[in-house]
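# An overview of the molecular structure
Each chain, written out:
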Amino acid sequence: MEYVTLSHQLKMPILGLGVFQVPDKKECQESVYQAIKAGYRLIDTAASYMNEDAVGLAVKQAIKDGICTREELFITSKLWVQDMRTYEDAKQGIDNSLQKSGLEYFDLYLLHQAIGDYFAAWRAMEDAFREGKLKAIGVSNFYPNILTNFCEIVDIKPMVNQVELHPYFTQEQALETMNYYGVIAEAWAPLGGGRYNPFEDEMLISIANKYQKTVGQVLLRWNIQRGVVVIPKTTHIERMIENIDVFDFVLNDEEMNKISALDMGYSGTRAKHFEPDFVRMVLNKKIHD
């Protein structure tokens with residue numbers, strides 16, 4: 001496993017498992033447990049995924065079985081927007097996440113969207129960070145203009161920004177902004193989120209064949225070589241093993257550039273973070289009473 005170093009010197013695995021859209025508790029728990037057995041140490045969940053409890057149970061089981069220690073794991077969760085209305089709401093939301101997971105702390109906790117009073121929520125996260133409840137704090141889906149304004153105002157700059165990042169949406173300006181503020185980039189949907197056909201792309205197939213790897217492994221390697229943390233989601237053990245097997249080859253500059261040339265920009269099937277209907281939908285999505 002390779003690691004990135006956050007701005008306050010905490011080490012974070014550069015590859016992990018995401019559990020988005022795994023609402024079945026037993027399936028999520030088993031998937032996380034098997035991932036830890038396979039060598040994963042970064043697990044990414046969120047309050048809105050409704051499976052923080054399943055992740056926590058898997059973590060406890062893996063520790064009990066002697067597979068790892070808690071200190072070796074890097075568990076991430078995220079604050080949903082309904083808890084981003086006031087400082088007190090956010091403080092309670094953080095405590096709710098910890099209680100549901102059964103964990104004493106999160107290694108990383110993120111604001112899930114740049115929606116609601118995310119400045120008030122961030123102050124609650126800063127305090128939880130100072131108290132040791134959160135070992136690192138960051139944001140998610142903060143585009144360059146929002147991230148710039150945010151970093152210029154807050155006391156503690158976010159350590160991580162989790163955004164959509166794959167060869168069809170390379171986000172070069174976003175990476176430049178993150179680098180400027182010392183924010184580590186983390187990719188959700190690093191394989192494209194099922195919205196493209198990379199596995200049928202002759203160029204990608206050719207590169208994969210050269211290294212005796214799969215197209216998926218090439219896509220993950222491309223982001224890793226850009227210093228981007230990746231969290232591919234799968235519930236299949238064989239795919240977990242495949243996804244983590246990306247540290248024994250290196251793409252050359254020509255290959256990196258060819259893959260980057262697939263970029264389509266912010267168009268087509270992107271999550272519409274800038275659209276009023278999307279914002280209203282997010283604000284009205286309730287995850288608990």
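The text that follows walks through the structure, step by step, so that each part is easy to find. Sequence positions are assigned chain by chain, starting from 1 and proceeding in written order. In keeping with the predicted nature of the model, local features appear solely for residues at pLDDT of at least 70, side-chain atom pairs appear and are counted solely at 80 or more, and the whole-chain, interface and lining totals rest on all residues. To get the side-chain values, all heavy atoms of the structure are used, and hydrogens and water are removed first.

Here the focus is helix α4 (residues 118-131). Look at α4: 20 Å from first C-alpha to last across 14 residues, which is about the 20 Å you get at 1.5 Å a residue. Note on contacts: a residue pair is in contact if any heavy atoms of the two residues lie within 4.5 Å. Helix and strand assignments follow DSSP, with helices taken as H or I runs no shorter than four residues and strands as E runs no shorter than two, numbered in order from the N terminus. On the buried face of α4, the contacting elements are β5 (74-79), α3 (87-101), β6 (108-111), β7 (137-140) and α5 (144-153). Expected span of a helix, by definition, is 1.5 Å for each gap between consecutive residues, and there is one gap fewer than residues.

Whether two strands pair comes down to DSSP finding at least two bridges between them. The 8 strands lie next to each other as β3-β4-β5-β6-β7-β8-β9-β10, forming an open sheet whose pairing is parallel. With one partner strand each, in any of the chains shown, β3 (17-18) and β10 (229-230) form the two edges of the open sheet. As judged from the 2 bridges shared by β3 and strand β4 (residues 42-44), these two strands associate in the parallel manner. Residue pairing across strands places L17 opposite I43, the latter belonging to β4.

Further remarks concern the environment of I259. Among the secondary structure elements, I259 is positioned in helix α10 (residues 253-260). Sequence-distant contacts of I259, defined by excluding residues within four places in its chain, comprise P167, M203, L204, I207, V218, W222 and L251.

On a regular strand, each side chain points to the face opposite its neighbour's, so the side chains alternate between the two faces of the sheet. Residue exposure (1.4 Å probe, protein chains only): buried if accessible area is under 20% of the type maximum, exposed if over 50%, otherwise partly exposed. In terms of burial, β5 is a largely internal element, 6 of the 6 residues being buried. Because side chains alternate across β5, one face comprises the buried residues F74, T76 and K78, and the other comprises I75, S77 and L79, equally buried. The crossover handedness rule: strands pointing away from the viewer, path from first strand over the helix to second strand clockwise, crossover right-handed. Viewed along the sheet, the connection from β4 through helix α2 (residues 52-64) into β5 turns out right-handed. In terms of strand pairing, β5 meets β6 through 4 bridges, oriented parallel. By the bridge assignment, S77 is partnered in β6 with Y109.

Moving on: the side chain of S31. Inspection of the secondary structure assignment puts S31 in helix α1 (residues 25-37). Taking relative accessible area as the criterion, S31 reaches 5% and is therefore assigned buried. A 3.5 Å cut-off defines polar contacts: any pair of N or O atoms within that distance qualifies, except that in protein one atom must be a possible hydrogen donor and the other a possible acceptor, and neighbouring residues in sequence count only when both atoms are side-chain atoms. Within the local environment of S31, its side chain forms a polar contact with the backbone oxygen of E27, the two atoms lying 2.8 Å apart. The contacts of S31, once residues within four sequence positions are left out, are L17, T235 and M240.

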